[in-house]
Amino acid sequence: MSPTRIFALVGLAILIALPAVTPAYFLHLLIQILLWSFIYTAWALMGRFGFVSFGHGAFMGVGAYVPALLWSYYDVTPWIGIPLGVFLSALLALVIGYPCFRLRVVGHYFALVTLALSQVVLLSLTAARDITGGSLGFTPKAAGHSWYALQFPEKSYFYAIALLLWLIGLYVWQRIDRGINREALEAISEDEDAAAALGINVLREKLRVTIISASLTALGGAIYGQYFMYLNPDTVSGIAVSLQIVFAVIAGGMYSLLGPTAGSLLTLSLTEGLRVWFGTSYIGAANTIYGILLILCIIFMPQGIVGALRRVRLRREAPKAVPAE
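Let me sum up the structure you'll find in this document. (Residues numbered from 1 in each chain as written. Predicted model: local features only at pLDDT ≥ 70, side-chain atom pairs only at ≥ 80, totals over all residues. Heavy atoms only, no water.)

Our focus in this paragraph is the overall build of the protein. Each helix and strand in the protein was counted, giving 15 helices and 0 strands. With respect to the principal axes defined by its C-alpha atoms, the protein has extents near 80 × 50 × 45 Å. Buried positions account for 45% of the 325 residues belonging to the protein. Considering only residue pairs separated by 6 or more positions, the protein has 76% of its internal contacts joining residues 24 or more positions apart. Accessible area of the protein: about 17000 Å², with a carbon and sulfur share of 68%. Across the protein, the centroid of the 20 positively charged side chains sits 4 Å from that of the 15 negatively charged ones. (Helix = DSSP H or I, 4+ residues; strand = E, 2+ residues; numbered from the N terminus. Buried < 20%, exposed > 50% of the residue type's maximum accessible area, 1.4 Å probe, protein only. Contact = heavy atoms within 4.5 Å. Areas by Shrake-Rupley, 256 points an atom, 1.4 Å probe, with all protein chains shown as cover. Lys, Arg positive; Asp, Glu negative; His and termini not counted. Charge placed at Lys NZ, Arg CZ, Asp CG, Glu CD.)

As a further point, take the side chain of threonine 261. In this fold, threonine 261 is placed in helix H13 (residues 259–278). In this structure threonine 261 comes out as buried when scored by relative accessible area, which is 16%. When sequence neighbours within four positions are dropped, the list of residues in contact with threonine 261 reads Ser37 and Trp166.

Across all of its chains, the model carries 13 aromatic pairs by this definition. Between tyrosine 73 and phenylalanine 138, the aromatic rings sit 6.0 Å apart at their centres with planes inclined by 25 degrees, giving stacked as the arrangement. Here phenylalanine 138 lies in the loop between helix H6 (129–132) and helix H7 (155–178) and tyrosine 73 lies in helix H3 (residues 56–74), a separation of 65 residues in the sequence. Taking the relative accessible area as the measure of exposure, tyrosine 73 reaches 43% and is therefore partly exposed. In textbook terms, an aromatic cluster arises when at least three aromatic residues are bridged by ring pairs, as seen for Trp36, Tyr40, Trp147, Phe152, Tyr157, Phe158, Tyr224, Tyr227 and Phe228. In this structure, arginine 48 is placed above the aromatic ring of tryptophan 173, and the distance from its NZ or CZ to the ring centre is 4.2 Å. Here lysine 141 stacks its cationic end above the ring of tryptophan 71, 4.8 Å away from the centre of that ring. (Phe/Tyr/Trp six-rings, centres within 6.5 Å; stacked < 30°, edge-to-face > 60°. Lys NZ or Arg CZ within 6 Å of the ring centre and 35° of its normal.)

An ideal rise of 1.5 Å per residue puts 20 Å on 14 residues; helix H15 (residues 304–317) measures up with 20 Å between its terminal C-alpha atoms. Among the residues making up H15, those that are buried are Gly304, Val306, Gly307 and Ala308. (Expected span 1.5 Å × (residues − 1).)

Looking now at the pattern of salt bridges. Under the counting rule described, the total for this entry stands at 9 salt bridges. Between glutamate 192 and arginine 104 there is a salt bridge whose closest N-O contact spans 3.5 Å. Within this pair, whereas glutamate 192 is found in helix H9 (residues 192–197), its partner arginine 104 is found in the loop between helix H4 (78–102) and helix H5 (107–127), the two being separated by 88 residues in sequence. By relative accessible area, which is 13% here, glutamate 192 ends up buried. Judged by its relative accessible area of 46%, arginine 104 falls in the partly exposed class. By sharing partners, the salt bridges in this structure join Arg48, Asp177, Arg182 and Glu186 into a single network. (Salt bridge = Lys/Arg side-chain N within 4 Å of Asp/Glu carboxyl O.)

What follows deals with unusual backbone geometry. With phi around 55 degrees, aspartate 75 is a residue other than glycine that occupies positive phi space. Inspection of the secondary structure assignment puts aspartate 75 in the loop between H3 and H4. A relative accessible area of 43% places aspartate 75 in the partly exposed class. Notably, arginine 104 is not glycine yet its phi reads approximately 60 degrees, a positive angle.

Core analysis: the biggest nonpolar cluster contains 71 residues, and Ile31, Trp36 and Ile245 have the highest contact counts within it. Of all elements in the fold, only helix H2 (24–47), H3, H4, H5, H7, helix H8 (180–190), helix H10 (202–228) and helix H12 (238–252) reach the threshold of two or more residues within this core. No other element matches the 14 residues that H2 contributes to this core. Excluding residues within four positions of it along the chain, tryptophan 36 makes contact with Met60, Tyr224, Val241, Gln244, Ile245, Ser264 and Leu268. One finds Ala251, Leu270, Leu274 and Tyr290 within the second-largest nonpolar core, a separate group that totals 6 residues. (Core = buried A, V, L, I, M, F, W, Y, C linked by side-chain atoms within 4.5 Å.)

Turning our eyes to something else, we now look at the environment of proline 153. With respect to the element layout, proline 153 can be found in the loop between H6 and H7. What makes proline 153 exposed here is its relative accessible area of 58%. Not counting chain neighbours up to four residues away, the residues in contact with proline 153 comprise Gly144 and His145.

What follows is the structure, encoded as structure tokens:
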């Protein structure tokens, strides 16, 4: 067995055992880190191939609100509501992606279209205040400890669900990274005309990765909503959420398997640490410092944290030049 596989198995064993020795507060943070890592990994499936989307806040919002609303108003179990939310997000990705890819809307134009999509979903959720609670937020109907309602007061249940989701995200990443579709997507990101000339179905490949990314993001949003039991358009959808996803993935490293996870660990640690440090003093200082640190990270580590660590390791392993005699 290779050292990498042994290290992965040991790490997984530690993650599985963490709920038994971790205080409730830190377990709460770990659940958030795993959920956001899954969502960030879903975005990176597109971002790593140059398909920059600022609309994933829309997919997360749809995925979070659909099962919560169906459960609260119609007693539809989240086991049905979550797949429905994922399906609607995939349909939304198809409706937006097909005309964009068909008409060759690429680069910053595609980013602007997805940015508008994110804002449309945010405004729609806010405007439908009689149903969604608008800007005041929405609290799903409580059911106590219930598998039918997918609600658990004990954090260990959601930790197991979040860990499983994170592993699923890594598995999907690896399947795409090691599959033949990766070569096609890389060719498309370099030159669509050349890729089409080689026989690659550009429209199909771009739609496929977009729908997979949107579906996984919606799934992460659904579990996020089930865990927090409170939904607000500003925290699960909209431009702010979309930008948070993009910045975190870039900071962690979108071209490596654990880059989005590193981005999640960095951003949530910074957010929570600065919040505890400043508290109610110096209003806005925590967000300002957070933004500055994120900008510096992106400027000086364009390949992200994982990419920078990989470069350091390769530099150390590189054989030193032998001086000529």
